[in-house]
Amino acid sequence: MITLPLWLVPAAPLALLVLSAVPPLRPALAALLPLAALPALLAALADPVPMPVRLDWLLLGSGFTLTDRARAFLGFTALLWALAGWQAVRLLARDPARGRFLACFLLAMTGNLGLLVAEDVAAFYTFFAMMSLAAWGLVLHGQGPAQRFAGRVYIALAVVGEVALFAGLALGVHATGATEIAGMAAPAVPAQATALMAAGLLVKLGAVPLHVWLPLAHAAAPAPASAVLSGATLKAGLFGLMTVLPLGQASWPEAAATLAAMALAGLVLAPALGLAQGDPKAVLAYSSIGQMSLMALGLAAGLAAPGAWPLLGAALVLLAAHHAFAKAALFLGVPAVWATARPGLRAAVIATLALPALALAGLPGTSGWVAKDALKTALGGVDGWQAWIGAALFVASLGTALLMLRALALLARAEAKTSVPADSAAPAAVAVGLVAAGLSLLPVAPHAAKAAAPADLLPLAVAAALAAGALAIARLGRVRLAPLPPGEFLAILRSEEPPPRPLALPAPPRRSRALAPRRGRERSARPEHGALAILGIAAMLALAMATLAPDPPPVPAPVVRTEG
Amino acid sequence: MTEFLPLAILMTSLGIAPAILAMPDRWTRVRTAVNLAAASVKVALVAWLSLSVAQGAEYAVTLAVAPGLALELRADALSVLFLALSAVLWLLTTIYAVGYLEGGTDRSRFFGFFSLCVAATVGIAMAGNLFTFLVFFEFLTLATWPLVVHRGTAEAHRAGRVYLAYTLGGGLALTLGTVWLHALAGDVPFVPTGVLGDLPQSHPLTLSAIFVLLIAGVGVKAAQVPLHGWLPLSMVAPAPVSALLHAVAVVKAGAFGIMRIVYDVYGVETVAALGLATPLVAVAAVTILWGSFRALAQDDLKTRLAYSTVSQVSYITLGVALVSPVAAVGGLAHLIHQGIMKITLFLAAGNFAEGRGVKTVSGMDGMGRLMPGAMAAFTVGALGMIGVPPLAGFVSKWYLGAGGLDAGQPAVVALLAGSSLLNAAYFLPILHRAWFRDPPEGAAPRRRIGWMLALPPAVTAALVLAAGLLANAPFSPLGWTRFIVSLEYL
């Protein structure tokens, strides 16, 4: 019986990255890319659970541990990174900037896997930052104007989120004295600290209104990167929130109300905006916003009704795993669609992708139905929410179903790309197979099986009817609507780069004046767009937090200095 | 034995300077051999010294100048912190400078003053009393000036004049303060927790005035706003000089002076009791934000880095001025961390200028493809400055933030957050250009970058990573500063 050391989980992709600095090794290492997630997968499946590891010399004294919840997340996260890595190697086989992409990919993978097993605050923050920053490289990879714009919005929100998380963690550690990330959910953590941590993590989760980066980034990144961004990194935000929010402790109605409002806004906005998109990947991204909002609703319920948390927590893990596989299968399927030009084959591919789409829409019998039913049951136990929760869940399901129809319709019409190799379809096929097998549900406790009620089919039926109606109106009335520009309200800020200025003449020589430091030498310029984006979004978030914060309790009096 | 080590360490740089100055310019090999041998010996000696000091050994040399006035060299834990930084970075910068100035003119003059400059920092690091500190501090001013004006252009001379005007003015303030303090308290040795006894009770106003004079004096070199004007101008100097100025010699000497004055002359409790700690925090905070803010709009790469230095060095001041051992650990560790991060950035920037003729931010397009090694080092340095874990800058920020909370000033966390955002705002666009844009058409290498230019930034970048990743290991900068702080906050 070999016991797997937990540090190997983040170390495996990192080792691959370090070795790829040696050029002759690169081709072999690229082939090994999917295997980088293998230790993580083994750790998730190992029985007994791998022992915690303590590495005192690392960072500020770090450790790795695997909780039950982390285990479930680690299982699907590792599988997704492996599948996406497989496709990335195939898809980018002839890309000149492949090395750069794979480096960012491995770094993001390290971060994502590492944060699930990190025991202490510093390690968690390190891995989280690693994932966020490396994903910037994935978004920017294509180097076009769309990528540039998406990258700017992404990095601005990511940096602001990181900084908020840093501030929250610093406050939390100071207030409790605990260095474990699990200690950040303790009652002694001040409300401001929790709010800051949550703000940072909600950016990653894609909660409205911090979601603006999400559709842009998912549309701009190469398909395998979109698959992990949507399937795995958004879940890292959820994992972080499940770890640091005081769930299952005392009721915190103000926070629950704020979070529920954000979630409901997401459930309504995601289909509304997503249906107007013209890019299938953007539509899928909006569907992710909707699904993640559903998970945020679960978190809000946990804050409102601590008693319901055990059930809610289990349901959220189920939902996360299900969404991870189904959404990743769809994103991985996009290149499979591009690779097929023949109509018959195209129809077969679309039909295959209809399975994860239907699972997301909650077709009875699929993983989606099981997960949503579990969440519905758990949400039913929250007092005061019964009046509207049913309607909200119906809207969510209807929205998802409509978005899925829209995405498949757009995919069916997508132009074939000869540059996409046909074998990039294989990972998508495996992902669809996993959805079909319901493998996504393996690592978590089985939900009590229940017979499907006819009402569960209602959202799907309504969606189909609406879609048919819309199609009929469009055909009969010859209506054509132009898709919305990507980026929502930020689209107005989207500007093409100004043409390069003509070469400036050298400045005329100045009479030397010893004490005129500002003059002459300095060439001042306007700060870059990216710089302005970071600062602007930071200012917006600070303003929002200052106005929204439900009177924060005063910061605890300074602790007496430890002597010596 | 106790007299040998400090003198030997001083002489490794001071002793070779006249020889190098006297050499004809064409003796490249001899000069390089002497330089590198001396720098390597110094690293070894400093390593020996650190081990001994960690075990509690004491080293002191005293030379009486006049009754009641003595030059004293002493090695304590705080000296070792600065010594180690200057020794390691001197070696790397010397290697770099040899490669950088290959085929240039006046190289003997350059390397001679380079050694003198490092000798001055050694003296500052080991000064055992305020008088010795003052002597070496002024010596540093003069030894650096020929390096700033090395290129001999009109621009360089102008920068040199501004540099002298600022630093000599600061020196004057420092001298006045020192004389005044001598008149009041007699000899002023550096002793943890201060040497003033009950003077603060009897002469609070006088001591406050002296404190302002002293801090203003060293604050010029530490580039505290509004005394920072000389630093961005000094960018005309060759890259190794900028690196030395920003990471080791001048700026750090100023920051080190603030530490000595606060910790070992006044004692941090006394500073707080006199009501001087909060104004110092305010100065640091303004400097941090103003420096970053000015950096945003600089297109010249080295000028942007210079404003970044203005901002980052104030982290050290902040850590010292916040009366908290946790913040002190952060500030002291940042002395090292800022040094290795900033030297990485400057050496890499020098490589861009040498290898591709690129000196502006807007010219950085595609640099990641053109010069991957130098750009990777630059990236590590830049991310470290932003405070991205697991790099060195994160460790400093974490301790400073915790220290701010410990001192009952949660606004410090907001300050650090704001500074991180500003740092991200002026560094990330550079990274974007370098890695995610195509190089301009027809870009041709200007000059081949040999190992002497390529190796130093790679080593310092590795140090940045190690200082953060292995922060909790023994003999990391963080570990050493914890040891120092345990002496000050007994």
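Residues numbered from 1 in each chain as written. Chains lettered and ligands numbered in written order. Predicted model: local features only at pLDDT ≥ 70, side-chain atom pairs only at ≥ 80, totals over all residues.

- For chain B, an unreviewed UniProt entry supplies the name NADH dehydrogenase subunit M and the organism Roseivivax isoporae LMG 25204.

- Quoted verbatim from the Sequence similarities (unreviewed entry) field of UniProt, the annotation for chain A is "Belongs to the CPA3 antiporters (TC 2.A.63) subunit D family." (UniProt positions renumbered as here; feature names shortened; annotations may be inferred.)

1. Observations concerning the overall build of chain A
Right, on to step 1. The helix and strand inventory of chain A stands at 19 helices and two strands.
Right, on to step 2. Taken over 564 residues, chain A has a buried fraction of 55%.
Right, on to step 3. Sequence separation of 24 or more characterises 82% of the internal contacts of chain A that already satisfy a separation of 6 or more. (Helix = DSSP H or I, 4+ residues; strand = E, 2+ residues; numbered from the N terminus. Buried ≥ 20, exposed ≤ 12 C-beta atoms within 10 Å, placed from the backbone. Contact = placed C-beta atoms within 7 Å.)

2. Comments concerning the UniProt feature "domain: NADH:quinone oxidoreductase/Mrp antiporter transmembrane" (unreviewed entry) in chain B
Right, on to step 1. Sequence positions flagged by UniProt for "domain: NADH:quinone oxidoreductase/Mrp antiporter transmembrane" (unreviewed entry) are, in local numbering, residues 127-419 of chain B.
Right, on to step 2. Between the first and last C-alpha atoms of residues 127-419 of chain B the distance is 33 Å; the span itself is 77% helix and 0% strand.

3. Observations concerning helix 13 (residues 309-339) of chain A
All names here are of chain A.
Right, on to step 1. The terminal C-alpha atoms of helix 13 lie 45 Å apart, and with 31 residues this matches the ideal 45 Å at 1.5 Å per residue to within 8%.
Right, on to step 2. Largest kink in helix 13: about 30°, centred on glycine 333, with the proline proline 335 one to four residues after it.
Right, on to step 3. With 28 of 31 residues buried, helix 13 is to be regarded as a mostly interior element. (Expected span 1.5 Å × (residues − 1). Bend = angle between axes of the 7 residues up to and from the residue.)

4. So, the pairing of strand 2 (residues 69-75) of chain B
Residue and element names in this part refer to chain B.
Right, on to step 1. Bridge count for strand 1 (residues 59-66) against strand 2 is seven bridges, and the pairing is antiparallel. If you follow leucine 63 over to strand 2, its bridge partner there is leucine 71.
Right, on to step 2. Hairpin connection of strand 1 to strand 2: two residues between the antiparallel strands, including glycine 68 at a positive phi of 80°. (Pairing = 2+ DSSP bridges.)

5. Focus: the UniProt feature "domain: NADH:quinone oxidoreductase/Mrp antiporter transmembrane" (unreviewed entry) in chain A
Right, on to step 1. Using the residue numbers shown here, the UniProt feature "domain: NADH:quinone oxidoreductase/Mrp antiporter transmembrane" (unreviewed entry) corresponds to residues 118-388 of chain A.
Right, on to step 2. Across residues 118-388 of chain A, the secondary structure splits into 77% helix and 0% strand, with the terminal C-alpha atoms separated by 38 Å.

6. With respect to the interface of chain A and chain B
Right, on to step 1. Taken together, the contact pairs 47 residues of chain A with 48 residues of chain B.
Right, on to step 2. Breaking the side of chain A that touches chain B down by element, the ones donating at least two residues are helix 6 (121-140), helix 7 (145-176) and helix 19 (529-548) of chain A.
Right, on to step 3. Among the elements that make up the side of chain A that touches chain B, the one with the highest residue count is helix 7 of chain A (eleven residues).
Right, on to step 4. Of the residues that constitute the side of chain A that touches chain B, the class distribution is 30 nonpolar, nine polar and eight charged. (Nonpolar A, V, L, I, M, F, W, Y, C, P; charged D, E, K, R; others polar.)

7. Examining the packing of helix 16 (residues 325-356) of chain B against helix 21 (residues 451-469) of chain B
Between two packed helices, both the angle of their axes relative to each other and the distance between the axes serve to describe the pair.
Residues and elements named next belong to chain B.
Right, on to step 1. As a packed pair, helix 16 and helix 21 sit with axes 9 Å apart at the nearest point and diverge in direction by 150°. The pairing of helix 16 with helix 21 is recorded here as roughly antiparallel in orientation. In this structure, helix 16 meets helix 21 at a crossing whose hand is left-handed. Taking contact as the criterion, the partners of Ile336, His337, Ile340, Met341, Ile343, Thr344, Leu347, Ala348, Asn351 and Glu354 in helix 16 are, on helix 21, Leu453, Pro456, Pro457, Thr460, Ala461, Leu463, Val464 and Ala467.
Right, on to step 2. Across the contact of helix 16 with helix 21, the residue classes break down as 13 nonpolar, four polar and one charged. (Axes fitted to C-alpha atoms, helices over the stretch in contact; angles between N-to-C directions. Parallel < 35°, antiparallel > 145°, perpendicular 65-115°, else oblique. Left-handed = near helix turned anticlockwise from the far one by under 90°.)

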